[in-house]
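Report on the structure
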Amino acid sequence: MLFNSYIFILFFLPICISGYFILNHFKYKKTAQIFLLGMSLWFYGYFNISYILLIISSVVINYFFYRFLNFTKGGRKCFFYAALFFNIGLLFYFKYYNFFLENINFVFKQNFVLKSILLPLGISFFTFQQISFIADAYKGEIPNYHFVEYASFVTYFPQLIAGPIVTHDELIPQFLDDTKKRFCWDNFAKGIYIFSLGLGKKVLLADTFGNAANWGFDNIASLNSTNAILTMLSYTVQIYFDFSGYCDMAVGIGKMMNINLPLNFNSPYKALTITEFWNRWHITLTKFFTKYVYIPLGGNRVGGGQNLH
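Residues numbered from 1 in each chain as written. Predicted model: local features only at pLDDT ≥ 70, side-chain atom pairs only at ≥ 80, totals over all residues. Heavy atoms only, no water.

**Brief notes about the overall build of the chain**
To be explicit about the condition: Numbered from the N terminus, helices here are DSSP runs of H or I no shorter than four residues, and strands are runs of E no shorter than two. Two things to know: the radius of gyration comes from C-alpha atoms, and the globule rule equals 2.2 Å times the number of residues to the power 0.38. Where accessible areas are quoted, they stem from the Shrake-Rupley method and a 1.4 Å probe; at the residue level, only the protein chains shown are allowed to cover. Under the convention used here, Asp and Glu are negative, Lys and Arg are positive, and both His and the chain ends fall outside the count. Just so you know, the charge point we use is NZ for Lys, CZ for Arg, CG for Asp and CD for Glu.
Looking only at helices and strands, the chain has 11 helices and zero strands in total. Counted from the first residue to the last, the chain has its helices and strands arranged as α-α-α-α-α-α-α-α-α-α-α. Computed over the C-alpha atoms, the radius of gyration of the chain is 21 Å, within 12% of the 19 Å expected from 2.2 N^0.38 for a compact globule of 309 residues. Overall, the C-alpha framework of the chain stretches about 65 × 55 × 45 Å when taken along its three principal axes. Of the accessible surface of the chain, which amounts to about 16500 Å², a share of 67% is contributed by carbon and sulfur atoms. The chain carries 23 positive and 14 negative side-chain charges, and their two centres are separated by 7 Å.

**Here we look at helix H8 (residues 185-218)**
This is how the line gets drawn: Helix span, as expected, comes to 1.5 Å for every residue beyond the first. With a 1.4 Å probe rolled over the protein chains alone, any residue whose accessible area is under 20% of its type maximum counts as buried; one over 50% counts as exposed, and the rest are partly exposed. We call two residues in contact whenever any of their non-hydrogen atoms come within 4.5 Å of each other.
Look at H8: 47 Å from first C-alpha to last across 34 residues, which is about the 50 Å you get at 1.5 Å a residue. Three or more residues of H8 are buried, namely Asn187, Gly191, Phe195, Gly198, Lys201, Lys202, Ala206, Gly210, Ala213 and Gly216. Those residues of H8 that are buried are in contact with helix H1 (6-25) and helix H9 (225-256).

**Things to note about empty space enclosed by the protein**
Using the following cut-off: For cavity detection a 1 Å grid was placed over the protein atoms alone, and a set of points counts as a cavity when a 1.4 Å probe fits there but cannot get out; an open set counts as a pocket when protein lies on both sides within 12 Å along at least five of seven lines, with lining residues being those that have an atom within 4 Å of a point. Grid points are joined across faces, edges and corners, and a volume is the space filled by probe spheres set on the points. Residue type decides the class: Asp, Glu, Lys and Arg count as charged, Ala, Val, Leu, Ile, Met, Phe, Trp, Tyr, Cys and Pro as nonpolar, and the leftover types, Gly among them, as polar.
Scanning the model with the defined rule gives one cavity of 30 Å³ or more in all. The space that makes up the largest cavity amounts to roughly 60 Å³. By residue number, the principal contributor to the lining of the largest cavity is helix H11 (residues 283-294), which donates four residues. Taken together, the residues of the lining of the largest cavity sort by class into three nonpolar, two polar and two charged.

**Let's talk about unusual backbone geometry**
In this model, Gly163 is joined to Pro164 through a cis peptide bond whose omega is 5°. Take Pro164: it is sitting in the loop between helix H6 (147-155) and helix H7 (168-176). A positive phi angle, close to 65°, is found at Asn258, a residue other than glycine. With respect to the helices and strands, Asn258 occurs in the loop between H9 and helix H10 (274-281). With phi around 45°, Ser267 is a residue other than glycine that occupies positive phi space. Within the secondary structure, Ser267 is located in the loop between H9 and H10.

**Focus on the packing of helix H3 (residues 49-71) against helix H4 (residues 76-108)**
Selection criterion: What counts as an axis is a line fitted to C-alpha atoms, over the stretch in contact for a helix, and the angles between N-to-C directions run from 0 to 180 degrees. The labels follow the angle: roughly parallel below 35 degrees, roughly antiparallel above 145, roughly perpendicular from 65 to 115, and oblique for the rest. Take the far helix as your reference; a near helix turned counterclockwise from it by less than a right angle gives a left-handed crossing, and one turned clockwise gives a right-handed crossing.
For the pair H3 and H4, the least separation of the axes is 9 Å and the interaxial angle reads 165°. What the angle tells us is that H3 and H4 run roughly antiparallel. Handedness of the crossing formed by H3 with H4: left-handed. Residue-level contacts link Leu54, Ser58, Ile61, Asn62, Phe64, Phe65, Phe68 and Leu69 of H3 to Arg76, Phe79, Phe80, Ala82, Ala83, Phe86, Asn87, Leu90 and Phe94 of H4. Classifying every residue of the contact of H3 with H4 gives 13 nonpolar, three polar and one charged.

As structure tokens, then:
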């Protein structure tokens, strides 16, 4: 389900927000959290019901790893690496399996048959979130969370498809905060404003320039130098406002529900260096790779970075 679709704006979002706050108003807090979880799963599986089976399986298996890591002392390292293998293997299979076989066939002149694999939406985002959760559990930094709280953290629909990548301490405490379970007109108004801004970026700018870019890519052979430059610039503007718009809409939806999502996009075209560009483009992805990949592999030793061993 897309944020800019009619069914999302006119049907899904009003039902989700009103149902969530009505249930909390009548003190059905656990039911409200389960309702939010169910709505998030509906959002994710709207285009393909098999998506729901995949994400539920991933959540259940990772929760099992978390419970073992958090409440046992023996064999923790083996279970930690098993959890990493499962998540990385899942990501590799759906995103890179055919790419890997294609290169094997090309380089070694083999004839391995490619599989018809439908890439699940947002698999990188919910996989990275679960890897961060497992890593923090292995380091003993995660309290006792119930399954519904964990599943809601992984599947929360505003950030499920295009980010931001959030950690448990950024989201789960907000689900548990009773002050955030009461409807707030001020936050709702701010959320509407931010969502509308993002929707405008997506529909009026990204999609418009996207049409120009698509025309150019469909007619490459007939492009002159001017049209080629315009096509290139149109595509640049399209990807910029597409991602910026989705980031704004995610933050706006969260704000409507009294949930603060982290900043994920900060005018990257204002950057003066490549490093600054990546620190502005997908902020939470850079944060994830720095904390859970770069530092554990030995980076930033001068700064006293800790690893997972």
